[in-house]
Amino acid sequence: MASTQKNLSQHSEKNIQDISGKKFALIVSEWNEEVTESLFQGAMETLLKNGAIKGNIIRKNVPGSFELTLGAQWMAQEEEIDAVICLGCVIQGETKHFDFICDAVANGITNVGIKYNKPVIFGVLTPDNQKQALDRAGGKHGNKGDEAAITAVKMLGF
Ligand SMILES: Nc1c(NC[C@H](O)[C@H](O)[C@H](O)CO)[nH]c(=O)[nH]c1=O
Ligand SMILES: CC(=O)[C@@H](O)COP(=O)(O)O
């Protein structure tokens, strides 16, 4: 197993600052909606638990994870947005399509963060199957939406 760590549920409280004035954009892929809605709920709960104001959290949907990059860019370019959290789930199929999407969205999201010099968080599951996805969207391995949200909070405390 590449890593025994499966989630950030035991994350340290370091770099957690007052985020009541911070504005977040949550970009949510509609593919595998059962999974991405759980990721969204996890991210929202974690942001609110750490002091974010509900009115400062904007949600935008995109058709699939491949579109997360452009959705992230459209929000990151807005000066008022302090951090962008991208949530998606790409499940391996029979072909290499999975690889192309995963590579594109990982690289794309990275580049948006660098271009606009603000946290743009990769909250995209890339499982082999639905079970692995559900295990990481509120199941036995935690919720990657939680992790993506706490990552954004910690980066704002950099
Ligand atoms: N198979 C999955 C997709 N496929 C759709 C792509 O993300 C994209 O919308 C399409 O190629 C058009 O550009 N998307 C996911 O998020 N998850 C999948 O499992
Ligand atoms: C990751 C995907 O786009 C997936 O739905 C494609 O499945 P397949 O590789 O079997 O066409």
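Think of each chain on its own: its residues are numbered from 1, step by step along the sequence as written. The lettering of chains begins at A and the numbering of ligands begins at 1, in the order of writing. Under the rules for a predicted model, residues below a pLDDT of 70 receive no local features and side-chain atom pairs below 80 are neither given nor counted, while totals for whole chains, interfaces and linings still include all residues. Processing note: side-chain calculations cover all non-hydrogen atoms of the structure and skip hydrogens and water entirely.

Looking at an unreviewed UniProt entry, the chain carries the name 6,7-dimethyl-8-ribityllumazine synthase, with the source organism given as Echinicola jeungdonensis. Quoted verbatim from the Catalytic activity (unreviewed entry) field of UniProt, the annotation for the chain is "(2S)-2-hydroxy-3-oxobutyl phosphate + 5-amino-6-(D-ribitylamino)uracil = 6,7-dimethyl-8-(1-D-ribityl)lumazine + phosphate + 2 H2O + H(+)". Of the comments in the UniProt record for the chain, the one headed Function (unreviewed entry) reads "Catalyzes the formation of 6,7-dimethyl-8-ribityllumazine by condensation of 5-amino-6-(D-ribitylamino)uracil with 3,4-dihydroxy-2-butanone 4-phosphate. This is the penultimate step in the biosynthesis of riboflavin." UniProt positions are given in the numbering used here, feature names are shortened, and annotations may be inferred rather than shown by experiment.

Caption draft 1: Molecular detail of the site of ligand 1. Neighbouring residues of ligand 1: Ser29, Trp31, Asn32, Gly64, Ser65, Phe66, Glu67, Cys89, Val90, Ile91, His97 and Ile101. Interatomic distance of 2.7 Å between a side-chain N/O atom of Ser65 and an oxygen atom of ligand 1. A 3.5 Å cut-off defines polar contacts: any pair of N or O atoms within that distance qualifies, except that in protein one atom must be a possible hydrogen donor and the other a possible acceptor, and neighbouring residues in sequence count only when both atoms are side-chain atoms. Phe66 is positioned such that a nitrogen or oxygen atom in its backbone is 3.1 Å from an oxygen atom of ligand 1. Here the open area of atoms and residues is found with the Shrake-Rupley method and a 1.4 Å probe, where only the protein chains shown may cover a residue. When ligand 1 sits alone it has 440 Å² of accessible area, and the protein chains cover 77% of it. Partitioned by chemical class, the residues of the shell around ligand 1 number six nonpolar, five polar and one charged. One heavy atom within 4 Å of a molecule or strand makes the whole residue count as near it. Side-chain classes are defined by residue name, with Ala, Val, Leu, Ile, Met, Phe, Trp, Tyr, Cys and Pro counting as nonpolar, Asp, Glu, Lys and Arg as charged, and the others, Gly among them, as polar.

Caption draft 2: Broad picture of the packing of helix α1 (residues 33–49) against helix α5 (residues 144–156). Axes here mean lines fitted to C-alpha atoms, for a helix over just the part in contact, with angles spanning 0 to 180 degrees between N-to-C directions. Here a helix means four or more residues in a row that DSSP labels H or I, a strand means two or more in a row labelled E, and each is numbered from the N terminus. Look at α1 against α5: their axes get within 6 Å of each other, and the N-to-C directions meet at 40 degrees. Between α1 and α5, the angle is such that the two are oblique. Like other packed secondary-structure pairs, α1 and α5 cross with a definite hand, here right-handed. Within the contact between the two elements, α1 uses Leu39, Gly42, Ala43, Thr46 and Leu47 and α5 uses Lys144, Gly145, Asp146, Ala149, Ile150 and Val153. Looking at the contact of α1 with α5 residue by residue, the class counts come to six nonpolar, three polar and two charged. Should an angle fall under 35 degrees it is taken as roughly parallel, and over 145 as roughly antiparallel, whereas 65 to 115 is taken as roughly perpendicular and any remaining angle as oblique. Each crossing gets its handedness from the near helix: less than a right angle anticlockwise from the far helix is left-handed, clockwise is right-handed. Whether two residues are in contact is decided by their heavy atoms: any pair within 4.5 Å suffices.

Caption draft 3: Structural detail: the side chain of Asp135. Along the polypeptide, Asp135 turns up in helix α4 (residues 130–135). For Asp135, a relative accessible area of 13% corresponds to the buried category. Among the polar contacts listed, one links the side chain of Asp135 to the side chain of Lys131, at a separation of 2.7 Å. Apart from residues lying up to four places away in sequence, Asp135 is in contact with Lys140, His141 and Gly142. Exposure classes here rest on a 1.4 Å probe applied to the protein chains alone. A residue is buried below 20% of its type maximum, exposed above 50%, and partly exposed in between.

Caption draft 4: Expanded view of the packing of helix α2 (residues 68–76) against helix α3 (residues 97–116). The geometry of α2 relative to α3 is characterised by a closest axis approach of 8 Å and an angle of 15 degrees between their N-to-C directions. Our classification of the angle between α2 and α3 gives roughly parallel. By crossing handedness, the relation of α2 to α3 is classed as right-handed. On α3, the residues that touch Leu68, Thr69, Ala72, Gln73 and Ala76 of α2 are Ala104, Val105, Gly108, Ile109, Val112, Lys115 and Tyr116. Residues belonging to the contact of α2 with α3 are distributed by class as follows: eight nonpolar, three polar and one charged.

Caption draft 5: Representation of the site of ligand 2. Neighbouring ligand 2 are the residues Trp31, Val90, Ile91, Gly93, Glu94, Thr95, His97, Phe98 and Ile101. Within the backbone of Glu94, one N or O atom sits 2.7 Å away from an oxygen atom of ligand 2. His97 places a polar side-chain atom, nitrogen or oxygen, 2.5 Å from an oxygen atom of ligand 2. Protein contact buries 72% of the 330 Å² of open area that ligand 2 shows by itself. Across the shell around ligand 2, the residue classes break down as five nonpolar, three polar and one charged.

Caption draft 6: Layout of the packing of aromatic side chains. In summary, the pairing rule links any two rings of Phe, Tyr or Trp, Trp by its six-membered ring, whose centres are within 6.5 Å, and it sorts them by plane angle into stacked for under 30 degrees, edge-to-face for over 60 and tilted for everything else. This model, assessed by the stated rule, comprises zero aromatic pairs. Criterion for a charge above a ring: Lys NZ or Arg CZ within 6 Å of the ring centre, and within 35 degrees of the ring normal. Just above the ring of Phe40 sits the side chain of Arg59; from NZ or CZ to the centre is 4.4 Å.

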